[in-house]
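Remarks on the overall topology
Here is what each chain is made of, one letter per residue.
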Amino acid sequence: IQKSNIKEFDERGWTVIDLGFSKQEINLYQDSLENLREKVLGLQIAPRRVYYDHFFRFNMAAIELPFNSDFINQDIKDLFTKINLGSLVCSLMNWNYAKCNLARLFCMNHYNYRGRWHRDYDQLNNIQLPSSSHQLIIAALYLFDQSGFRLLKKAYDFGGDKSIISSEKLNSIICSHDMPIKPPKDSYHIIKAPAGSVIFI
């Protein structure tokens, strides 16, 4: 974690960190994830998430509880041991310790996915935390090149001087519909990150 990452996170609400993987390591971890996905497909009891299934091809969007001992493989264990994600979070947030409340492996296969308007932070707030002083952060690890993730700029969010969502009530109404909305192009960041990086939000 560099000072520039902390500054970016404070000013715009997100930052991207290069984890320093070699091309060979990325290929290894990609193959390991593909193997994990195929194993989960064969386990009918494995927790899975499906978005917009298709007529002729099963579209498993995500694997819930990807660290489950029934299907995780050693390469993925080694990956998370190597990057020491909790230490990165603590360095970025100036915390003494970090705890993982939710883990999910997204694997949209060959389908693009555009999510509806939602606020991950609000959804995660339903998790029972020890006290109100605790904070939440989302870490997204990319093992394939990704682009297109949209994140509302602070000025256009609640309380911002250009806020496009004027109240919690309006936000709830928008979130209740399963259709994407199209905010002004200058109101959001479009995040692009290469394989072997992690985004903190």
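Residues numbered from 1 in each chain as written. Predicted model: local features only at pLDDT ≥ 70, side-chain atom pairs only at ≥ 80, totals over all residues. Heavy atoms only, no water.

1. Here's the deal with the overall build of the protein chain
What the protein chain contains, in helices and strands, is six helices and eight strands. Listing every helix and strand of the protein chain by position from the N terminus yields α-β-α-β-β-α-α-β-α-β-β-α-β-β. Looking at the protein chain as a whole, 32% of its 201 residues are labelled buried. When contacts within the protein chain are restricted to residue pairs at least 6 apart in sequence, long-range pairs at least 24 apart make up 73% of them. Accessible surface, the protein chain as shown: approximately 13,300 Å² in total, 51% of it carbon and sulfur. (Helix = DSSP H or I, 4+ residues; strand = E, 2+ residues; numbered from the N terminus. Buried < 20%, exposed > 50% of the residue type's maximum accessible area, 1.4 Å probe, protein only. Contact = heavy atoms within 4.5 Å. Areas by Shrake-Rupley, 256 points an atom, 1.4 Å probe, with all protein chains shown as cover.)

2. Description of the nonpolar core
Within the largest apolar cluster, 28 residues are counted, with the highest numbers of intra-cluster contacts made by Phe21, Leu36, Val40, Ile63, Ile137 and Phe200. Those elements that place two or more of their residues in this core are helix 2 (23–41), strand 3 (60–64), helix 3 (74–83), helix 4 (85–93) and strand 8 (197–200). Here the element with the most residues in this core is helix 2; it accounts for five residues. Not counting chain neighbours up to four residues away, the residues in contact with Ile63 comprise Leu36, Arg37, Val40, Pro47, Phe71, Arg104, Leu105 and Cys107. (Core = buried A, V, L, I, M, F, W, Y, C linked by side-chain atoms within 4.5 Å.)

3. Some words on the sheet that holds strand 5 (residues 139–142)
Judged by pairing direction, the sheet is antiparallel, and its three strands sit side by side in the order 1-8-5 without closing on themselves. Taken across any chain shown, the strands that pair with only one partner, and hence form the sheet edges, are strand 1 (15–18) and strand 5. Averaged over all neighbouring strand pairs, the angle between strand axes comes to 20 degrees, with direction disregarded. As defined by bridge partners, strand 5 adjoins strand 8 across four bridges and the pair is classed as antiparallel. Following the sheet pairing, Ala139 is matched in strand 8 by Phe200. On top of the sheet, helix 1 (residues 3–12) reaches strand 1 and strand 8; it is set at about 155 degrees to strand 1, its chief contact. Across the sheet, helix 4 touches strand 1, strand 5 and strand 8, and the angle it forms with strand 8 is around 45 degrees. (Pairing = 2+ DSSP bridges. Axes fitted to C-alpha atoms, helices over the stretch in contact; angles between N-to-C directions.)

4. What about the side chain of Ser187?
Here Ser187 shows up in the loop between helix 6 (168–175) and strand 7 (188–193). You can call Ser187 buried: its relative accessible area is 0%. At 2.6 Å, the side chain of Ser187 and the backbone oxygen of Pro184 are in polar contact. Discounting residues that sit within four places of it in the chain, Ser187 has contacts with Leu152, Lys153, Tyr156 and Ile164. (Polar contact = N/O pair within 3.5 Å; in protein donor to acceptor, adjacent residues only side chain to side chain.)

5. Here we look at helix 2
A rise of 1.5 Å per residue sets the reference length of helix 2, with its 19 residues, at 27 Å; its end C-alpha atoms lie 27 Å apart and thus fit the reference within 8%. Along helix 2, the positions that sit buried rather than exposed are Ile26, Tyr29, Gln30, Ser32, Leu33, Leu36, Arg37 and Val40. Buried positions in helix 2, seen along its axis, are confined to an arc of 165 degrees and lie on one side of it. Every exposed residue of helix 2 that faces more than 90 degrees away from the buried side is listed here: Lys23, Gln24 and Asn35. In the core, the buried residues of helix 2 are packed alongside strand 2 (48–50), strand 3, helix 3 and strand 4 (104–106). (Expected span 1.5 Å × (residues − 1). Arc of directions from axis to C-beta.)

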